[in-house]
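Now for the letters of each chain:
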Amino acid sequence: MSYKISDPDEYLAITGMGIKNVKITKAAWVWPLQRCTRFSVQPQDYAMDLLAMTKEKLQFALPVVFTVGPDVNSRGANTTVAASDEDEDDLAREDRGDALMKYAMLLSQGDDSNKEGRENKQRHVASIIKGIIEGETRVLVSSMTMEEIFTEREMFKKRIFRNIQSELNQFGLRIWNSNVKELKDAPNSVYFESLSRKAHEGATNQARIDVAEAQLKGNVGEAQRRGEQEREIAKIHAETAVQKTERDIERAQAEAHLATRQTALNRDVDIAQVTAQRTLQSTDEDLKKTVEIKRAAAELERLRATDLVKATIAKESKQQAADAAAYEVAADARAKQEAKQRDADADAYRVRLDAEATSYATQQTADADNFRRLNPAEAMRNVYQMLPPLMSTINEQTGITLPEWQFGKLNAAQQAMQQEQGKSGKVNGGR
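Quick caveat: nothing in here was measured; it's all calculated off a predicted structure.

S.K.: What's the story with the confidence of the model for the chain in this structure? I'm lost.
M.R.: Parts of the model with low pLDDT should not have their predicted coordinates read in detail. For the chain, the average pLDDT comes to 78, and 77% of its residues sit at 70 or higher. Scored below 50 in pLDDT, residues 77–96 shows 24 contacts in the model against residues more than four places distant or in partner chains. Scored below 50 in pLDDT, residues 427–431 makes zero contacts in the model with residues more than four places away or belonging to other chains.

Okay, structure coming up:
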C-alpha cells in the first residue's frame, strides 16, 4: 500500500480491486491488488503536408499544424455524484464517461513499464490522430471546389476543426489550436504557379494601362491647370493694378489732409506760444509789484519794532530800578526780624542747656550712689570666672578655639580676679 501523487501536468489512472472501470485522480492511496499508471496531459503538435484533391480533380498540398491533447476541462459530474448502485459505496466511486478516462483507456494498450513501451503508446496515439486529421481533411476538400477553398477560407478552417474534433471526442482528445497554412502545388503540378504568373501578368498589364491613363489624365490636367493658372494670374494682376490706383488716390488724399492739419496745428502752436509769453510777462510784472509792496511793509514793520523795543527797554529799566529799591527795603526788614529771632532762640537754648546740665549732674550723682551700692567689681569677677570653663567646654564639644589674643585676655583677667580675691581674703582674715 502506498500514497501516489502526480505531477502538475500528469494524472493517475488506477484500476484493480474495488474499482469497476478506471479511476482518474491527482493523488490517491494505492491498495494491494490495484495498479496505478501515470499519464501526461501535455498537448502535442502534429504538423503535416496533406495531399488532397478538390471537386474538380485538382491535387494540391495542404500544410496544417494541429495542437492536440487530452480534454482536461471535460471531466463530467460523476466524481461528485454519489453511487446509486447498492453494491457500490463512497470508497468505490470512480470517474465514468469523462475525457481523461477515455484517454487513459486509449493509452492502456501495450506495456509502459519501460521506455520502449511508452514510446510505442505515443506513436500509437499519434498515428490515430494523424489518421483522423488526414481522413477528415481529404473528405472535406473533395466536397469543395478550389474557388470555394480560396473565397471561403475561414469557413473551410472552421469545418475542418469541427469535423476533426467530432472524431477526437471519442478518445477524450481536444484540438487546442489549429493552423492551416498557404496552399502549395503537389509534386509535378504547376497550378498555383500558373495562377500566380497569370495574376502577375494581369497585374502588370493592368498597371501599364493604369499608367497610360494616368499619364493622359496628367497631361490634360496639366494643360488645364496651366491655362487656369495664367487666367488667374492675369485676373490677379488687373485687380492688383486697380487696387494700387485706389491706394495711390487714398494716399494722396491722406497726405493733403495731413498737410492741412499740420498747418492748422502749427498756427495753433504759434498762437499758444505768443499767448504764453505775454501771460508770463504780465505775471512777472505783478510779482515784482507784489514784492515791492511787501518790502515796504516789512521796512515799516521793522521801524515800528525798533521804536517799540526802545520804549520797552526804558520801561523795563525803570521797573528793575523800582524793584531793586523795594527788595533792599524788604531785605533790611527781614534781616532785622531774623536777628531778633536768633537772639530769642539763643536765650531759649541757653536756658534749656542749663536745665539739662543741672538734671544730668543730679542723675550722675544718683547713678554713682546706686553703683556704689551694687558693687560691680564683684559681679564682673563672677562673669570672668565663668568664661574660661565655658570656652573649654565649647572647645571639647565642638573643636572651636578662641583666638589667642582674646583667650589670653580672658586668662589674664581671670588670674587678676583670682589674685584680687586672694588679697581680699587675706585682708578679711587679718581683720
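S.K.: Which parts of the structure should I look at to understand the layout of surface pockets?
M.R.: The computed volume of the largest pocket comes to approximately 620 Å³. Lining of the largest pocket is provided by 28 residues; of these, Thr37, Arg38, Phe39, Leu107 and Lys121 occupy positions nearest its centre. Among the residues forming the lining of the largest pocket, the class breakdown is 14 nonpolar, nine polar and five charged.

S.K.: Would you mind showing me how to read the pairing of strand 7 (residues 59–70) here?
M.R.: Within a regular strand, the side chains alternate between the two sheet faces. Most of strand 7 is tucked away: 10 of the 12 residues are buried. Pairing between strand 6 (residues 44–53) and strand 7: 10 bridges, direction antiparallel. Note on strand 7: the bridge partner recorded for Leu51 is Ala61. Joining the antiparallel neighbours strand 6 and strand 7 is a turn of five residues, in which Lys57 adopts a positive phi near 65 degrees. Pairing analysis gives two bridges linking strand 7 to strand 9 (residues 184–185), with the strands arranged antiparallel. Paired with Phe60 across the strands is Asp185, a residue of strand 9. The pairing of strand 7 with strand 8 (residues 173–180) spans seven bridges and is antiparallel. Of the residues in strand 8, the one forming a bridge with Val68 is Ile175.

S.K.: Is there a simple way to think about the nonpolar core in this case?
M.R.: In summary, soluble globular proteins display a tendency toward joint burial of nonpolar side chains. Core analysis: the largest hydrophobic core is formed by 40 residues, its most contacted members being Ile24, Phe39 and Phe156. Only strand 2 (10–16), strand 6, strand 7, helix 1 (99–106), helix 2 (115–142), helix 3 (146–151), helix 4 (153–168) and strand 8 provide two or more residues apiece to this core. Ranked by residue count, the leading element in this core is helix 2, at eight residues. Other than its neighbours up to four places away in sequence, Phe39 contacts Asp9, Glu10, Tyr11, Leu12, Ala13, Ile24, Leu100, Tyr103, Ala104 and Leu107.

S.K.: Even after reading the chapter, I still don't get the packing of aromatic side chains, so can you show me in this structure?
M.R.: Remark: the centre distance and the inter-plane angle together describe each pair of aromatic rings, the angle taken between the planes. Inspection of the entire model under this criterion finds three aromatic pairs. Plain terms: the ring middles of Tyr11 and Phe39 are 6.3 Å apart, the flat faces sit at 20 degrees to each other, and that makes the pair stacked. With Tyr11 in strand 2 and Phe39 in strand 5 (residues 34–40), this pair connects stretches of sequence that are 28 residues apart. Considered together, Tyr11 and Phe39 belong to a single accessibility category, that of buried residues. Members of the aromatic cluster, connected to one another through ring pairs, are Tyr11, Phe39 and Tyr103. Over the ring of Tyr11 we find Lys26, and its NZ or CZ is 4.6 Å from the ring centre.

S.K.: Help me out: how do you make sense of the sheet that holds strand 2 in this one?
M.R.: Sheets are built from strands paired through backbone hydrogen bonds, the pairs being either parallel or antiparallel. Pairing is antiparallel in the open sheet, where three strands are placed in the order 3-2-5. Every other strand in the sheet has two partners, leaving strand 3 (23–25) and strand 5 as the edge strands with one partner each. Neighbour to neighbour, the strand axes of the sheet diverge by 25 degrees on average, direction disregarded. Two elements, strand 2 and strand 3, share three bridges in a ladder whose sense is antiparallel. The residue bridging Ile14 from the neighbouring strand is Lys23, located in strand 3. Helix 1 rests against strand 2, strand 3 and strand 5 of the sheet, and its axis sits at about 100 degrees to strand 5.

S.K.: I would appreciate a short explanation of unusual backbone geometry in the present structure.
M.R.: As a rule of thumb, non-glycine residues mostly have phi less than zero, and peptide bonds are mostly trans rather than cis. Here Leu33, not a glycine, exhibits a phi torsion of approximately 70 degrees, which is positive. Its location among the elements puts Leu33 in the loop between strand 4 (27–30) and strand 5. Taking relative accessible area as the criterion, Leu33 reaches 69% and is therefore assigned exposed. Notably, Lys57 is not glycine yet its phi reads approximately 65 degrees, a positive angle. Its location among the elements puts Lys57 in the loop between strand 6 and strand 7.

Here is what the cut-offs are and how they apply
Residues numbered from 1 in each chain as written. Predicted model: local features only at pLDDT ≥ 70, side-chain atom pairs only at ≥ 80, totals over all residues. Heavy atoms only, no water. pLDDT = per-residue confidence, 0-100. Contact = heavy atoms within 4.5 Å. 1 Å grid on protein atoms, 1.4 Å probe; cavity = no way out; pocket = protein on both sides within 12 Å on 5 of 7 lines; lining within 4 Å. Points joined across faces, edges and corners; volume = space filled by probe spheres on them. Nonpolar A, V, L, I, M, F, W, Y, C, P; charged D, E, K, R; others polar. Buried < 20%, exposed > 50% of the residue type's maximum accessible area, 1.4 Å probe, protein only. Helix = DSSP H or I, 4+ residues; strand = E, 2+ residues; numbered from the N terminus. Pairing = 2+ DSSP bridges. Core = buried A, V, L, I, M, F, W, Y, C linked by side-chain atoms within 4.5 Å. Phe/Tyr/Trp six-rings, centres within 6.5 Å; stacked < 30°, edge-to-face > 60°. Lys NZ or Arg CZ within 6 Å of the ring centre and 35° of its normal. Axes fitted to C-alpha atoms, helices over the stretch in contact; angles between N-to-C directions.

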